[in-house]
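Listed below, chain by chain, are the residues.
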Amino acid sequence: MHVVTVPGYGGSGPAHWQTAWEHAHPSFVRFAPLSWDEPDPTDWSAALDRAVPDGPAVLVAHSLGCLAAADFARRHPARVRGVFLVAVPDPGAPAFPPAARSFAARPLGGALGVPALVIASGDDRFCTTGRSADIARAWGAGWVSVGNLGHINSDSDLGEWSGGWALFTAFAAGLGARV
C-alpha cells in the first residue's frame, strides 16, 4: 500500500506524530511543496501530484494538508484509495493562519468520491467540533472525535499517537489494505 503523508502549514516537525509514523514506516512518502510557511494551493497541488503514484495511495493529512488532500482526492479519485484527515481546519476560523488565506478562497466543495475519515479534537482552535462534523458530512466522510487533544499536533505532545495509529490501521483495513 502506498501511503503519502500531507503535513499542514509549517510542516510536521520532529515531535509531530506524522514524522514519528514516517520514521516507523520508511515506505511512507511525505509530499514536498516549495514552502511550508508560505503555502500556495497551486504549488501544494503540484507537490501532491508528484508524490502520489499512479496506483492508488492512502493520504494521511493533517491540518492545512487536509484541504490540499481533499482537493486532490476530488480531482484524482482513481489515484486515491482513501483519505485519513486529522484536524481539518476551518478556513473561516479566526485562528486560520493569514499566510494560508489563499486556501480559504477555494470552496471546501462536496463529496470527495473516495473513502475518507475525519478525525477531530474537541478543543481545536482551528475548527470547532460542530464545524468539523459539517465538513465531514459535506465530504461524504466518516467522523470521529478523539476528545480534547488541541490541534492534534506537536503541541499536543502525542509522540507516536498510538490512538491515532489504531484509527488509521482500522481505516486502512476497511480499505482492504495492510500497513
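All values derive from a computational prediction rather than experimental measurement.

This part covers the packing of aromatic side chains. Within the structure shown, the criterion is met by 15 aromatic pairs. Between Trp21 and Phe84, the aromatic rings sit 6.4 Å apart at their centres with planes inclined by 40°, giving tilted as the arrangement. Taken together, the positions of Trp21 in helix α1 (residues 17-24) and Phe84 in strand β4 (residues 80-86) put the pair 63 residues apart, joining distant regions of the chain. Every member of this aromatic cluster is reached through a ring pair, and the members are Trp17, Trp21, Phe28, Phe84, Trp161, Trp165, Phe168 and Phe171.

All right, on to the pairing of β4 then. Burial runs high along β4: six of the seven residues are buried. Two strands pair when backbone bridges link them, and strand β3 (residues 57-62) and β4 are joined in this way by six bridges, in the parallel orientation. Among the inter-strand pairings, Val60 is bridged to a residue of β4, identified as Phe84. Regarding topology, helix α3 (residues 64-75) serves as the crossover connection from β3 to the parallel β4, and that connection is right-handed. Both β4 and strand β5 (residues 116-120) contribute to a ladder of four bridges, which runs parallel. When the sheet's bridge partners are listed, Phe84 is paired in β5 with Leu117.

Pairing is parallel in the open sheet, where six strands are placed in the order β2-β1-β3-β4-β5-β6. At either margin of the open sheet sits one strand with a lone partner, and together these are β2 (29-30) and β6 (142-145). With four bridges connecting them, β5 and β6 associate as parallel partners. From the neighbouring strand, Ile119 faces β6, where its bridge partner is Val144. Sheet strands touched by α3: β1 (2-6), β3 and β4. Its angle to β3, the strand with the most contacts, is close to 150°.

About the cut-offs
Residues numbered from 1 in each chain as written. Predicted model: local features only at pLDDT ≥ 70, side-chain atom pairs only at ≥ 80, totals over all residues. Heavy atoms only, no water. Phe/Tyr/Trp six-rings, centres within 6.5 Å; stacked < 30°, edge-to-face > 60°. Helix = DSSP H or I, 4+ residues; strand = E, 2+ residues; numbered from the N terminus. Buried < 20%, exposed > 50% of the residue type's maximum accessible area, 1.4 Å probe, protein only. Pairing = 2+ DSSP bridges. Right-handed = clockwise from strand over helix to strand, strands pointing away. Contact = heavy atoms within 4.5 Å. Axes fitted to C-alpha atoms, helices over the stretch in contact; angles between N-to-C directions.

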